[in-house]
Amino acid sequence: MFSLFFRPSPDREEYLIAELWECGTTGIIEEDGGVRAFFDDLSLLHRFTSDAPELREEQPIDWAQATRDAWPPITVGQRFFLTPPWCHLPTPPGRLRLPIYPGMACGTGRHPATQLALEAIEQYVQPGNSVVDVGTGSGILASAAALLGAGRVIGCDIDPEAVGIALERASVPMFVGSAAAIRSQWADVVIANIDAATIEELAADLARIRKPESVLILTGFPEWDVPEGFQAKESRKREEWLCLVC
């Protein structure tokens with residue numbers, strides 16, 4: 001048994017975790033300054049050489065259980081209770097149970113940008129709203145909107161694999177594509193948790209699909225790379241990550 005210790009940047013961490021699961025790691029735990037992944041052999045070590053991991057030989061242990069212990073449920077905002085599928089703890093009173101999947105990029109709810117988006121969704125999504133999540137990834141934000149009682153929720157992503165996985169786990173319709181395929185003035189709330197450059201490219205479609213009285217929630221970018229061309233009425237920050245509400 002061997003382990004690889006990684007010190008990824010904040011915007012790399014969740015994608016790295018997803019790659020490690022895809023490669024067959026037997027478990028992943030968070031440690032100070034990074035994450036440690038466990039393998040029975042090192043045949044895939046070459047795939048991660050650019051991440052400069054630290055190699056260590058390990059004693060046999062139930063790393064699958066260690067991984068479960070490393071992903072306890074968390075609360076986000078005032079309403080959400082995020083739990084991995086193996087957690088059987090009761091949902092705290094007044095909170096909504098939102099499944100998380102540590103094996104999926106940006107699907108754990110632990111990234112600051114995801115948490116900022118969840119808090120904004122909690123505040124602005126109203127029962128009966130039409131909500132679209134552009135670049136939905138794991139579908140966590142679209143699922144959160146549905147839990148809050150949104151009347152119609154759709155998610156879209158240009159990654160077919162991400163949509164396929166999300167459809168198996170999320171409870172809302174999703175399609176492979178982008179905002180260009182959505183009807184004009186359809187959405188009461190538009191969510192985009194993606195990088196600043198992509199948000200700028202989608203600006204015209206994000207404006208087109210919104211109703212006149214609507215909310216646009218933008219996040220997924222650090223404070224030094226804010227998308228241009230948007231007038232925010234509110235800005236939220238966690239660590240170096242921002243969320244703009246327009």
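Residues numbered from 1 in each chain as written. Predicted model: local features only at pLDDT ≥ 70, side-chain atom pairs only at ≥ 80, totals over all residues. Heavy atoms only, no water.

1. What about unusual backbone geometry?
Alright, step 1. Even without a glycine there, the phi angle at A52 is positive, about 50°.
Alright, step 2. By secondary structure assignment, the location of A52 is in the loop between strand 3 (34-39) and strand 4 (54-57).
Alright, step 3. Of note, the phi angle at Q185 is positive, near 50°, even though the residue is not glycine.
Alright, step 4. Within the secondary structure layout, Q185 lies in the loop between strand 10 (174-176) and strand 11 (187-193).
Alright, step 5. In this structure Q185 comes out as partly exposed when scored by relative accessible area, which is 48%. (Helix = DSSP H or I, 4+ residues; strand = E, 2+ residues; numbered from the N terminus. Buried < 20%, exposed > 50% of the residue type's maximum accessible area, 1.4 Å probe, protein only.)

2. Things to note about the sheet that holds strand 11
Alright, step 1. Read from one edge of the open sheet, seven strands run 10-9-8-11-12-14-13, paired in mixed fashion. Two strands bound the open sheet, and with one partner strand each, they are strand 10 and strand 13 (234-238). The sheet shows a mean angle of 15° between the axes of neighbouring strands, taken without regard to direction.
Alright, step 2. Of the pairings in the sheet, the one linking strand 12 (residues 210-222) to strand 14 (residues 241-245) comprises five bridges and is antiparallel in character. Counted as the bridge partner of F221 is L242 from strand 14.
Alright, step 3. Seen against the sheet, helix 3 (residues 112-124) touches strand 11, strand 12, strand 13 and strand 14 and runs at an angle of roughly 140° to strand 13.
Alright, step 4. Along the sheet, helix 5 (residues 160-169) contacts strand 9 (152-157) and strand 10; its crossing angle with strand 10, the most-contacted strand, is approximately 160°. (Pairing = 2+ DSSP bridges. Axes fitted to C-alpha atoms, helices over the stretch in contact; angles between N-to-C directions. Contact = heavy atoms within 4.5 Å.)

3. Examining the pattern of salt bridges
Alright, step 1. In this structure the tally under the stated criterion is eleven salt bridges.
Alright, step 2. E22 is paired through a salt bridge with R47; the nearest N and O atoms lie 3.7 Å apart. One end of the pair, E22, is in helix 1 (residues 10-22); the other, R47, is in the loop between strand 3 and strand 4, and 25 residues separate them in sequence.
Alright, step 3. Of the charged contacts in the structure, one is a salt bridge between R36 and E31, with a shortest N-O distance of 2.9 Å.
Alright, step 4. With a relative accessible area of 31%, E31 lands in the partly exposed category. (Salt bridge = Lys/Arg side-chain N within 4 Å of Asp/Glu carboxyl O.)

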